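Fold and geometry: a report
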Amino acid sequence: MSKVEDFLTAKEEQDIVNAILEAEKNTSGEIRVHIEAHTDKDHYERAKEIFHLLKMDNTKQENGVLIYVAVHDKKFVICGDKGIDNVVPKDFWQTTRNSIQTHFEKGAFKEGLVAGVLKAGEELRSHFPWQSDDTNELSNEISKG
(Lines give C-alpha, C1' and ligand atoms only; values in the text may rest on other atoms or scores of the structure.)
Protein backbone atom coordinates (compact mmCIF):
# COMPACT_ATOMS: atom_id res chain seq x y z
CA MET A 1 0.00 0.00 0.00
CA SER A 2 1.81 3.08 -1.23
CA LYS A 3 -0.62 5.83 -0.30
CA VAL A 4 -3.26 6.40 2.33
CA GLU A 5 -5.76 6.67 -0.54
CA ASP A 6 -5.14 2.97 -1.24
CA PHE A 7 -6.18 1.95 2.29
CA LEU A 8 -9.90 1.89 1.43
CA THR A 9 -11.80 1.81 -1.84
CA ALA A 10 -14.40 4.48 -2.60
CA LYS A 11 -17.12 1.90 -1.89
CA GLU A 12 -15.55 1.00 1.45
CA GLU A 13 -15.32 4.67 2.38
CA GLN A 14 -19.00 5.11 1.55
CA ASP A 15 -19.86 2.09 3.72
CA ILE A 16 -18.06 3.79 6.63
CA VAL A 17 -19.88 7.08 6.00
CA ASN A 18 -23.16 5.14 5.96
CA ALA A 19 -22.21 3.57 9.31
CA ILE A 20 -21.58 7.06 10.73
CA LEU A 21 -25.02 8.18 9.51
CA GLU A 22 -26.59 5.09 11.08
CA ALA A 23 -24.73 5.50 14.39
CA GLU A 24 -25.65 9.18 14.66
CA LYS A 25 -29.37 8.43 14.25
CA ASN A 26 -29.51 7.37 17.90
CA THR A 27 -27.16 9.84 19.56
CA SER A 28 -26.39 13.53 19.60
CA GLY A 29 -22.72 12.50 19.54
CA GLU A 30 -20.64 13.32 16.47
CA ILE A 31 -18.40 10.59 15.05
CA ARG A 32 -15.57 11.13 12.56
CA VAL A 33 -12.88 8.93 11.02
CA HIS A 34 -9.46 10.30 10.04
CA ILE A 35 -6.88 8.29 8.12
CA GLU A 36 -3.26 9.19 7.45
CA ALA A 37 -0.21 7.24 6.40
CA HIS A 38 2.17 7.94 9.27
CA THR A 39 3.03 10.29 12.08
CA ASP A 40 6.28 10.91 13.92
CA LYS A 41 4.27 12.04 16.95
CA ASP A 42 2.76 9.97 19.70
CA HIS A 43 -0.43 8.56 18.16
CA TYR A 44 -2.71 9.77 20.93
CA GLU A 45 -1.21 13.27 20.76
CA ARG A 46 -1.62 13.27 16.97
CA ALA A 47 -5.26 12.15 17.33
CA LYS A 48 -5.91 15.03 19.74
CA GLU A 49 -4.28 17.43 17.27
CA ILE A 50 -6.50 16.14 14.42
CA PHE A 51 -9.51 16.33 16.75
CA HIS A 52 -8.84 20.05 17.17
CA LEU A 53 -8.01 20.66 13.47
CA LEU A 54 -11.36 19.09 12.49
CA LYS A 55 -13.08 21.40 15.00
CA MET A 56 -14.48 18.40 16.84
CA ASP A 57 -13.99 20.25 20.11
CA ASN A 58 -16.59 22.83 19.03
CA THR A 59 -19.74 20.72 19.36
CA LYS A 60 -22.54 22.01 21.56
CA GLN A 61 -22.47 19.07 24.01
CA GLU A 62 -18.71 18.43 23.70
CA ASN A 63 -19.50 14.91 22.51
CA GLY A 64 -17.40 14.40 19.42
CA VAL A 65 -15.56 11.11 18.85
CA LEU A 66 -12.63 10.61 16.52
CA ILE A 67 -11.37 7.28 15.25
CA TYR A 68 -7.83 8.05 14.06
CA VAL A 69 -5.86 5.56 11.96
CA ALA A 70 -2.16 5.77 11.07
CA VAL A 71 -2.06 3.18 8.28
CA HIS A 72 1.68 2.46 7.91
CA ASP A 73 2.22 2.63 11.68
CA LYS A 74 -0.55 0.04 12.15
CA LYS A 75 -1.99 2.12 15.00
CA PHE A 76 -5.40 3.55 15.77
CA VAL A 77 -6.77 5.75 18.53
CA ILE A 78 -10.28 6.54 19.70
CA CYS A 79 -10.60 9.89 21.39
CA GLY A 80 -13.64 11.67 22.71
CA ASP A 81 -14.28 15.23 23.79
CA LYS A 82 -14.41 16.32 27.42
CA GLY A 83 -18.21 16.17 27.56
CA ILE A 84 -17.92 12.42 27.05
CA ASP A 85 -14.91 11.96 29.31
CA ASN A 86 -16.74 13.76 32.13
CA VAL A 87 -19.62 11.26 32.25
CA VAL A 88 -18.27 7.87 31.19
CA PRO A 89 -16.17 5.25 33.01
CA LYS A 90 -12.44 5.12 32.31
CA ASP A 91 -12.68 1.97 30.14
CA PHE A 92 -15.62 3.35 28.14
CA TRP A 93 -13.94 2.96 24.74
CA GLN A 94 -12.57 -0.55 25.39
CA THR A 95 -15.44 -2.39 23.65
CA THR A 96 -15.21 -0.07 20.65
CA ARG A 97 -11.44 -0.56 20.52
CA ASN A 98 -11.86 -4.33 20.73
CA SER A 99 -14.38 -4.31 17.86
CA ILE A 100 -11.96 -2.44 15.63
CA GLN A 101 -8.87 -4.41 16.61
CA THR A 102 -10.48 -7.83 16.04
CA HIS A 103 -11.20 -6.89 12.42
CA PHE A 104 -7.91 -5.05 11.83
CA GLU A 105 -5.93 -8.12 12.94
CA LYS A 106 -7.60 -10.03 10.07
CA GLY A 107 -6.85 -7.24 7.57
CA ALA A 108 -10.55 -6.32 7.44
CA PHE A 109 -10.07 -2.57 7.78
CA LYS A 110 -13.42 -1.38 6.46
CA GLU A 111 -15.25 -3.90 8.61
CA GLY A 112 -13.26 -2.79 11.64
CA LEU A 113 -14.07 0.86 11.09
CA VAL A 114 -17.75 0.13 10.45
CA ALA A 115 -17.93 -2.01 13.60
CA GLY A 116 -16.11 0.64 15.62
CA VAL A 117 -18.36 3.45 14.41
CA LEU A 118 -21.53 1.48 15.14
CA LYS A 119 -20.24 0.43 18.57
CA ALA A 120 -19.28 4.03 19.40
CA GLY A 121 -22.81 5.09 18.44
CA GLU A 122 -24.29 2.45 20.75
CA GLU A 123 -22.03 3.48 23.62
CA LEU A 124 -22.83 7.17 23.14
CA ARG A 125 -26.58 6.61 22.96
CA SER A 126 -26.94 5.92 26.69
CA HIS A 127 -25.17 9.14 27.71
CA PHE A 128 -26.06 11.36 24.74
CA PRO A 129 -29.38 10.18 23.28
CA TRP A 130 -30.66 11.75 20.08
CA GLN A 131 -32.98 14.70 20.68
CA SER A 132 -35.55 16.11 18.25
CA ASP A 133 -33.65 19.40 18.02
CA ASP A 134 -30.27 17.77 17.25
CA THR A 135 -28.41 18.90 14.18
CA ASN A 136 -25.49 17.27 12.45
CA GLU A 137 -22.68 19.57 13.56
CA LEU A 138 -19.78 17.90 11.76
CA SER A 139 -19.11 16.35 8.38
CA ASN A 140 -19.57 12.58 8.16
CA GLU A 141 -16.93 12.26 5.44
CA ILE A 142 -13.65 10.50 6.14
CA SER A 143 -10.82 13.00 6.44
CA LYS A 144 -7.31 12.18 5.29
CA GLY A 145 -3.92 13.59 6.13
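Source: prediction; values computed, not measured.

Here is what the cut-offs are and how they apply
- Residues numbered from 1 in each chain as written.
- Predicted model: local features only at pLDDT ≥ 70, side-chain atom pairs only at ≥ 80, totals over all residues.
- Heavy atoms only, no water.
- Buried < 20%, exposed > 50% of the residue type's maximum accessible area, 1.4 Å probe, protein only.
- Helix = DSSP H or I, 4+ residues; strand = E, 2+ residues; numbered from the N terminus.
- Pairing = 2+ DSSP bridges.
- Contact = heavy atoms within 4.5 Å.
- Axes fitted to C-alpha atoms, helices over the stretch in contact; angles between N-to-C directions.
- UniProt positions renumbered as here; feature names shortened; annotations may be inferred.
- Phe/Tyr/Trp six-rings, centres within 6.5 Å; stacked < 30°, edge-to-face > 60°.
- Right-handed = clockwise from strand over helix to strand, strands pointing away.
- Salt bridge = Lys/Arg side-chain N within 4 Å of Asp/Glu carboxyl O.

Backbone geometry at glutamate 62 places phi at a positive 50°, although glycine is not the residue there. According to the relative accessible area criterion, glutamate 62 is partly exposed, its value standing at 28%. Despite not being glycine, lysine 74 has its phi angle at roughly 55°, a positive value. Mapped onto the elements of the fold, lysine 74 is located in the loop between strand E2 (64–70) and strand E3 (75–80). Given a relative accessible area of 76%, lysine 74 falls into the exposed group.

We now examine the sheet that holds strand E1 (residues 30–36). Overall, mixed pairing links the four strands, which are arranged E3-E2-E1-E4 in an open sheet. Pairing within the sheet leaves two strands with one partner each, and these edge strands are E3 and strand E4 (143–144). For E1 and E2, the ladder comprises seven bridges, and the chain directions are parallel. Looking at the pairing, valine 33 lines up with isoleucine 67 of E2. Of the strands in this sheet, E1, E2 and E3 are in contact with helix H2 (residues 43–53), which crosses E2 at around 130°. Strands E2 and E3 of the sheet are contacted by helix H4 (residues 94–104), whose axis makes an angle of about 160° with E3.

Here we take up the UniProt feature "domain: TPM" (unreviewed entry) in the protein chain. This chain's UniProt record puts "domain: TPM" (unreviewed entry) on residues 5–121. What you have in residues 5–121 is 46% helix and 17% strand, and the ends, taken at the C-alpha atoms, are 26 Å apart.

Right, let's talk about the packing of aromatic side chains for a bit. One pass over the structure, following the stated rule, counts four aromatic pairs. Pairing phenylalanine 104 with phenylalanine 109 gives two aromatic rings, centres 5.2 Å apart and planes at 70°, and the pair type is edge-to-face. A relative accessible area of 27% means that phenylalanine 109 is categorised as partly exposed.

Before going further, it helps to spend a moment on the pairing of E2. Buried residues dominate E2, accounting for seven of its seven residues. Where burial is concerned, the two faces of E2 agree: the one with Gly64, Leu66, Tyr68 and Ala70 and the one with Val65, Ile67 and Val69 are both buried. Handedness of the crossover joining E1 and E2 through H2: right-handed. Both E2 and E3 contribute to a ladder of six bridges, which runs antiparallel. Note on E3: the bridge partner recorded for valine 65 is glycine 80. Connecting the antiparallel pair E2 and E3 is a turn made up of four residues, with lysine 74 showing a positive phi of about 55°.

Next up on the list: the pattern of salt bridges. On inspection of all chains with the given rule, the structure shows eleven salt bridges. Taking the shortest distance from any N to any O, the salt bridge between aspartate 15 and lysine 110 comes out at 3.2 Å. Taken together, the residues aspartate 15 in helix H1 (residues 10–24) and lysine 110 in helix H5 (residues 109–127) connect sequence positions 95 residues apart. Ionic pairing is found between arginine 46 and glutamate 36, a salt bridge with its closest N-O pair at 2.8 Å. One end of the pair, arginine 46, is in helix H2; the other, glutamate 36, is in strand E1, and ten residues separate them in sequence. The buried category is assigned to glutamate 36, whose relative accessible area is 3%. A cluster of three or more residues bridged by salt bridges with shared partners is formed by Glu36, Lys41, Arg46 and Glu49.

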